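Given next are the chains, with one letter for each unit.
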Amino acid sequence: MADILNKKKSDTPYRSWPLKVGKKWKYESKWTNESGEKGITSQDAEVISFEELNLPAGKFMAYKIKYVGYIQNYQVGGKGKVTDTFWYSPKLKQNIKHIQEGGGGFRYTSELINYTGAK
């Protein structure tokens, strides 16, 4: 738990606060997957808009953030282009939609389908 609380600020963060339309930054992350393979994700990020998103869980205002770059797996030797688009809801303090697109027509989408607000 101390590692999480004392996490060092990154020069290449996943999110660069505060968010505002037009803001740009570099995101890089070294990672290890569940199989023990290591790699790096390197992307240029930009806040594209602040817009209303209509999802199965309801309507939410969200920042649309686009990440464009590559993912490289050192063990496999592969390096592929990837674009991630996230919609981040300040109200919920989390991503409410994510689209990932890669080479060969790969496309992955996830979105919030259910939400119960605070009572």
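All chains use their own residue numbering, which begins from 1 and follows the written sequence. The model is predicted, so local features are restricted to residues of pLDDT at least 70 and side-chain atom pairs to those at 80 or more, both for listing and for counting; the totals for chains, interfaces and linings are taken over all residues. Excluding hydrogens and water, the side-chain figures rest on all heavy atoms present in the structure.

A short note on the pattern of salt bridges
The following threshold applies: A pair is scored as a salt bridge if a Lys or Arg side-chain nitrogen falls within 4 Å of a carboxyl oxygen belonging to Asp or Glu. Secondary structure follows DSSP: runs of H or I at least 4 residues long count as helices, runs of E at least 2 residues long count as strands, and numbering of each begins at the N terminus. Buried residues are those whose accessible area, probed at 1.4 Å on protein chains only, stays under 20% of the maximum for their type, while exposed residues exceed 50% and partly exposed ones sit between those limits.
Summed over all chains, the structure comprises three salt bridges. Salt-bridge contacts for Asp-44 lead to Lys-26; the nearest nitrogen and oxygen are separated by 3.5 Å. Within this pair, whereas Asp-44 is found in strand β2 (residues 38-55), its partner Lys-26 is found in strand β1 (residues 24-32), the two being separated by 18 residues in sequence. We classify Asp-44 as partly exposed; its relative accessible area is 45%.

Things to note about the pairing of strand β4 (residues 78-89)
How we decide: Note on pairing: two strands pair once DSSP finds at least 2 bridges between them.
Pairing between strand β3 (residues 58-73) and β4: eleven bridges, direction antiparallel. In the strand pairing of β4, Lys-64 is matched with Trp-87. Between β3 and β4, which follow one another and run antiparallel, lie four residues, and Gly-77 among them has a positive phi close to 85°. Note: β4 against strand β5 (residues 94-102), eight bridges, orientation antiparallel.

With respect to the side chain of Lys-97
Inclusion rule: By definition in these notes, contact holds between two residues if any of their heavy atoms fall within 4.5 Å.
With respect to the secondary-structure elements, Lys-97 resides in strand β5. When neighbours within four sequence positions are excluded, Lys-97 is seen to be in contact with Leu-53, Leu-55, Thr-85, Phe-86, Trp-87, Thr-109, Ser-110 and Glu-111.

A word on the packing of aromatic side chains
Selection criterion: Two aromatic rings, drawn from Phe, Tyr or Trp (for Trp, its six-membered ring), form a pair once their centres lie within 6.5 Å of each other, and the interplanar angle then sorts them: stacked below 30 degrees, edge-to-face above 60, tilted otherwise.
If you walk through the whole model with that rule in mind, you get nine aromatic pairs. Each ring, one from Tyr-14 and one from Phe-86, has its centre 5.8 Å from the other, and the planes form 85°; the classification is edge-to-face. One end of the pair, Tyr-14, is in the loop between α1 (2-5) and β1; the other, Phe-86, is in strand β4, and 72 residues separate them in sequence. Measuring from ring centre to ring centre gives 5.5 Å for Tyr-67 and Phe-86, while their planes differ by 85°; the resulting arrangement is edge-to-face. With a gap of 19 residues between them, Tyr-67 in strand β3 and Phe-86 in strand β4 connect regions that are remote in the sequence. Pair check on accessibility: Tyr-67 and Phe-86 agree, each one buried. Through a chain of ring-to-ring contacts, the aromatic side chains of Tyr-14, Trp-25, Tyr-27, Tyr-67 and Phe-86 assemble into a single cluster.

What to know about the sheet that holds β2
The following threshold applies: Axis angles are defined between N-to-C directions and span 0 to 180 degrees, where every axis is a line fitted to C-alpha atoms and, for a helix, only to the segment in contact.
Ordered in space as β1-β2-β3-β4-β5-β6, the six strands form an open sheet in which the pairing is antiparallel. The open sheet has two free edges, formed respectively by β1 and β6 (107-111), since each of these has just one partner strand. Shown here is a sheet whose adjacent strand axes are inclined to one another by a mean of 25°, direction ignored. The sheet contact formed by β1 and β2 spans nine bridges and is antiparallel. Counted as the bridge partner of Glu-28 is Ser-42 from β2.

Any link to function would need more than the numbers given here.
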